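Commentary on secondary and tertiary structure
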Amino acid sequence: MGPHPAVAAIRLAVRRVLHDVLTDHIRSADLSRRTSHPELAEAGAGRQRAALPERPDTPLVLVACSGGADSMALASALAFEAPKLSVRAGGITVDHGLQDGSDTRAAEVVDRLTAMHLDPVESVAVRVGHDGGPEAAARDARYAALDAAAERHGAAAVLLGHTRDDQAETVLLGLARGSGIRSLSGMAAASGPAGRYRRPFLQLDRQTARKACLVQSLPVWDDPHNIDPAYTRSRLRHEGLPALEKALGKGVVEALARTAQLSRDDADALDTWAAQADRAARDDAGRLECAKLYALPPAVRRRVLRRAAMEAGSPAGSLFARHIEEVDRLITGWRGQRAINLPGRVEAMRQGGRLVIRQS
C-alpha cells in the first residue's frame, strides 16, 4: 500500500521542485566550468561531455520551518525526497522574538528537523523593526535571515511552505491595496536572487498539508498570530474568505489562485515590454522624454515610471499606485505643476520636455 494521498501529494510537489533545483545546479556548474576553462567551449560536444563529471557537487536545499503544519509537511517531504535525488537537505527556523517562549519553540523545531536527519539545521533569532507595520516588518526580518542563512551555507534553494490558500489571501490583499496587476499575481513559484526561494505547495490547499502531518504523526505548532484579529491577514483568513465563499460558493480559493497565475503571465509580458520601452523613451543623455512616454500605452508607461522611481532610490514596498499616478500626470496632464515627492526622498519633475526623477 502506498502513502496516504495527502503525503503522496506533498512529496510529489517537492520532488518536482528538487528536480528543477538539481537541473539548474548542473547547468550552473556546467557554465562555471566553461567560463573557467575556455578550452572546453572549443572542444567537440563528445569531448566536452567526456571532460565534465557526470554530476557536480551535490546542491544543498534548505526548508524554512516555523513548526506550523505547512512547513512541517514541507520539511517531511524534503527529508523523504532529497536522499533519493542525491540532494543535501537542511532546515532553518527563524525566531522573531515576538511571543513569550519563542526561543523554546525554535529549539523544538530544531530538534524535530534534526530527527528527520536534515543537516545543517539551525535557529536564527532576529530583531523585528516597525517599518510598514508588524506583518511587513516581521516578513522583512525573516527574509533577511533566510538570505543570510542561504549565503552562509551555500544553499542552492530555500523551500517555503506557502499554500494555495496563502496565494488566495495574497491576491485579495493586493486587490484591496489597488496596486495593479502585479499585486494580483500573488507569490511566484520561484523568487528571490537566482530563484532562491521555491514554493512547492502553491497548487495544494492548506488542509492537505495539515492532513499529511496528521497521518505521519508530526507535531505542529499553531501560531496564535494566525487567529489574532489584530492582523489583516488573520481577519481575511477567518472572516473575509469564509464570507466570500458563503456569498459566491465553493471554489473561491481555487479561482483566486488561478487569477494569480494568469495575472503573473500578463505582468511578466508587460514588464518585458516596459523594459524595452524604457530604453526607447530616453534621449542620448539617458533622460526620459515626455513625448515618447506619452505615446506609450498607460500600463507600459506606468511601469517605466515605477522602474525609474525605484532606480532613483524609492523603496518598492512604499511606492504605491497613487504615487505613480501623480508622476504620470506630469506626462499626461501637464499644467506646470510642482515636483512630486515620492518615498525615499525621491522627487519627480518635468523640465524642458524631459522627466527628471532623482533624490532630493
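Right above here is the structure, for reference.
Residues numbered from 1 in each chain as written. Predicted model: local features only at pLDDT ≥ 70, side-chain atom pairs only at ≥ 80, totals over all residues. Heavy atoms only, no water.

1. Some remarks on the pattern of salt bridges
Taken as a whole and assessed by the stated rule, the structure comprises 27 salt bridges. In this structure, the salt-bridge partner of Glu-169 is Arg-206, at a minimum N-O distance of 3.1 Å. One end of the pair, Glu-169, is in helix 7 (residues 164-177); the other, Arg-206, is in helix 9 (residues 206-215), with 37 residues separating them in the sequence. Relative accessible area serves as the criterion here: at 1%, Glu-169 is assigned to the buried category. Close ionic contact of Arg-358 with Glu-347 constitutes a salt bridge, the shortest N to O distance being 3.9 Å. With Arg-358 in strand 10 (residues 354-359) and Glu-347 in strand 9 (residues 346-351), this residue pair connects regions lying 11 residues apart in the sequence. According to the relative accessible area criterion, Glu-347 is buried, its value standing at 15%. (Salt bridge = Lys/Arg side-chain N within 4 Å of Asp/Glu carboxyl O. Helix = DSSP H or I, 4+ residues; strand = E, 2+ residues; numbered from the N terminus. Buried < 20%, exposed > 50% of the residue type's maximum accessible area, 1.4 Å probe, protein only.)

2. Regarding helix 7
The end-to-end C-alpha distance of helix 7, which contains 14 residues, comes to 20 Å, matching closely the 20 Å that a straight helix rising 1.5 Å per residue would cover. Across the 14 residues of helix 7, 11 count as buried, placing the element largely inside the fold. Among all positions in helix 7, only Arg-164, Asp-165, Asp-166, Gln-167, Ala-168, Glu-169, Thr-170, Val-171, Leu-172, Leu-173 and Gly-174 are buried. At its buried positions, helix 7 is contacted by helix 4 (69-81), helix 8 (181-184), helix 9, helix 10 (232-248) and helix 11 (252-280). (Expected span 1.5 Å × (residues − 1). Contact = heavy atoms within 4.5 Å.)

3. Some words on the packing of aromatic side chains
The final tally for this structure, using the stated rule, is one aromatic pair. A cation over an aromatic ring shows up here: Arg-105 above the ring of Trp-221, its NZ or CZ 5.1 Å from the ring centre. (Phe/Tyr/Trp six-rings, centres within 6.5 Å; stacked < 30°, edge-to-face > 60°. Lys NZ or Arg CZ within 6 Å of the ring centre and 35° of its normal.)

4. Observations regarding unusual backbone geometry
Of note, the amide linkage connecting Asp-119 to Pro-120 takes the cis form, showing an omega dihedral of 10°. When you line up the elements, Pro-120 lands in the loop between helix 5 (102-115) and strand 3 (121-125). Despite not being glycine, Ser-217 has its phi angle at roughly 60°, a positive value. Structurally, the position occupied by Ser-217 is in the loop between helix 9 and helix 10.

5. Side note on the environment of His-153
Structurally, His-153 can be placed in helix 6 (residues 134-153). Through-space distance from the C-alpha of His-153 to that of Gly-90 is 9.5 Å; in sequence the pair is 63 residues apart. Leaving out residues up to four positions away in the same chain, His-153 has contacts with Leu-60, Ile-92, Pro-120 and Glu-122. There is a polar contact of 2.7 Å between the side chain of His-153 and the side chain of Glu-122. (Polar contact = N/O pair within 3.5 Å; in protein donor to acceptor, adjacent residues only side chain to side chain.)

6. Describing the sheet that holds strand 10
Hydrogen bonds between backbone atoms are what pair the strands of a sheet, whose relative direction is either parallel or antiparallel. On the basis of which strands lie adjacent, the open sheet formed by four strands has the order 7-10-9-8 and antiparallel pairing. Taken across any chain shown, the strands that pair with only one partner, and hence form the sheet edges, are strand 7 (288-289) and strand 8 (340-342). Relative to strand 10, strand 7 is paired through two bridges, and the arrangement is antiparallel. Residue pairing for strand 10: Leu-288 is matched across the bridge by Leu-355. Set on the sheet, helix 13 (residues 298-311) makes contact with strand 7, strand 8, strand 9 and strand 10; between it and strand 10 the angle comes to about 35°. (Pairing = 2+ DSSP bridges. Axes fitted to C-alpha atoms, helices over the stretch in contact; angles between N-to-C directions.)

7. What to know about the pairing of strand 3
Inspection of the sheet shows strand 2 (residues 88-95) paired to strand 3 by five bridges, in the parallel sense. Considered in strand 3, the bridge of Asp-95 is made with Ala-125. Viewed along the sheet, the connection from strand 2 through helix 5 into strand 3 turns out right-handed. (Right-handed = clockwise from strand over helix to strand, strands pointing away.)

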